[in-house]
Amino acid sequence: MTITSTVARRAGVVTNEPGRSATREEMTMSAAEVTQALDHWAQRLRDLGARGIRQLRPGLPSDEIDALSAQYDLTLPEDARAIWAWHDGEDTGAQSLAPYREFPPLRDALESARALAQEAIDWGLADDDDLAAIIYRREFVPFLGYQHPLVFDCRTPAPTTTMWTPDGGLEQATSMTTVERVRWWHWALDHGAWSITADGLWAIDFARYPGTTGDLSVRDVLS
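Residues numbered from 1 in each chain as written. Predicted model: local features only at pLDDT ≥ 70, side-chain atom pairs only at ≥ 80, totals over all residues. Heavy atoms only, no water.

Caption draft 1: The sheet that holds strand β3 (residues 140-144), seen in detail. Judged by pairing direction, the sheet is antiparallel, and its 4 strands sit side by side in the order β3-β4-β5-β6 without closing on themselves. Both outer strands of the open sheet, β3 and β6 (176-177), are each paired with one neighbouring strand and no more. Relative to strand β4 (residues 150-153), β3 runs antiparallel, the two being bridged by 4 bridges. Within the sheet, the bridge partner assigned to Phe-140 lies in β4 and is Asp-153. (Pairing = 2+ DSSP bridges. Helix = DSSP H or I, 4+ residues; strand = E, 2+ residues; numbered from the N terminus.)

Here's what the structure looks like:
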């Protein structure tokens, strides 16, 4: 698979033209597109013998997604709803979809966002204007978690995920739709940045990652 002329914009959305922000139409992906992209990715991993993909949990019905979102007083973007309707996360630590990334059940994702935001409040960071752009907020719902989670920012309807970091918040990483992110996952397998071992585990070759040859605009698309 080849991704042609794709620019990963800092704190923005990936587009097909350098220097241009994505339109609202480009940002809006249907649930069917998200589901299809994830289905194709999951099937590819099964064909390669990946262990983690067998640990996906059944998806949630729409009314349960609504109820959980309401319980935490959040409105999930359409991409997020499509993801947890597809599968409600994975069994703990399976790394089903990507290396070093855990796909939490929706309730766990919502609770994690609430707990991390509460930590900032407990430490007195939420009222610090200098930290306003970087503290974790309850609206940052993690799709793929780990030290620096990929989160949906539920303060807006944007169907993108962005990596949150404690020193940059959401301001220093690439925002992408789920469909675009899955395209980069295919790229990683196609180019040897990621692979599946004979034991069904993830293997990574950072020397083959995007950006290693000097194009820093795509340096974190696999983060």
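We are not done yet, so read on.
Caption draft 2: A look at the packing of helix α2 (residues 31-47) against helix α4 (residues 78-86). At a minimum axis separation of 9 Å, α2 and α4 run at an interaxial angle of 45 degrees. The angle between the axes of α2 and α4 places the two elements in the oblique class. Relative to α4, α2 is oriented so that their crossing is right-handed. In contact with Ala-31, Val-34, Thr-35, Leu-38, Asp-39 and Ala-42 of α2, α4 contributes Asp-79, Ala-82, Ile-83 and Trp-86. Here the contact of α2 with α4 is composed, by residue class, of 7 nonpolar, 1 polar and 2 charged. (Axes fitted to C-alpha atoms, helices over the stretch in contact; angles between N-to-C directions. Parallel < 35°, antiparallel > 145°, perpendicular 65-115°, else oblique. Left-handed = near helix turned anticlockwise from the far one by under 90°. Contact = heavy atoms within 4.5 Å. Nonpolar A, V, L, I, M, F, W, Y, C, P; charged D, E, K, R; others polar.)

Caption draft 3: The arrangement of the pattern of salt bridges in detail. One pass over the full model with this rule turns up 9 salt bridges. Glu-139 is paired through a salt bridge with Arg-138; the nearest N and O atoms lie 4.0 Å apart. Look at Glu-139 and you get buried, because its relative accessible area is 16%. Overall, the relative accessible area of 33% leaves Arg-138 in the partly exposed class. Among the ionic pairs, Arg-208 bridges to Asp-205, the shortest N-O distance being 3.1 Å. Each of Asp-73, Arg-138 and Glu-139 takes part in one network of salt bridges that share partners. (Salt bridge = Lys/Arg side-chain N within 4 Å of Asp/Glu carboxyl O. Buried < 20%, exposed > 50% of the residue type's maximum accessible area, 1.4 Å probe, protein only.)

Caption draft 4: The packing of aromatic side chains, seen in detail. By the definition in use, this model includes 12 aromatic pairs. Taken together, the aromatic side chains of Trp-41, Trp-185, Trp-194 and Trp-202 make up a single cluster linked through ring pairs. (Phe/Tyr/Trp six-rings, centres within 6.5 Å; stacked < 30°, edge-to-face > 60°.)

Caption draft 5: Expanded view of the pairing of β4. Across the two faces of β4 the burial is the same, with Leu-150 and Phe-152 and Val-151 and Asp-153 all buried. Remark: 5 residues form the turn of the hairpin made by β3 and β4, two consecutive strands paired antiparallel. Where β4 hands over to strand β5 (residues 160-163), the hairpin turn is made up of 6 residues, counted between the paired strands.

Caption draft 6: Seen up close, the nonpolar core. If you look at the biggest cluster of nonpolar residues, it comprises 49 residues, and the most contacted ones within it are Trp-84, Trp-185 and Trp-194. Of all elements in the fold, only α2, α3 (62-71), α4, α5 (106-122), β3, β4, α6 (178-190) and β7 (194-196) reach the threshold of two or more residues within this core. Among the elements that make up this core, the one with the highest residue count is α6 (7 residues). Ala-113, Phe-140, Val-151 and Trp-164 belong to the second largest nonpolar core, which has 6 residues in total. (Core = buried A, V, L, I, M, F, W, Y, C linked by side-chain atoms within 4.5 Å.)

Caption draft 7: Highlighting α6. The terminal C-alpha atoms of α6 lie 18 Å apart, and with 13 residues this matches the ideal 18 Å at 1.5 Å per residue to within 8%. Most of α6 is tucked away, with 11 of its 13 residues classed as buried. Looking at α6, one finds that the buried residues are Thr-178, Val-179, Glu-180, Arg-181, Val-182, Trp-184, Trp-185, His-186, Trp-187, Ala-188 and Leu-189. Remark: Gly-192 follows α6 within two positions and exhibits a positive phi of approximately 80 degrees. (Expected span 1.5 Å × (residues − 1).)

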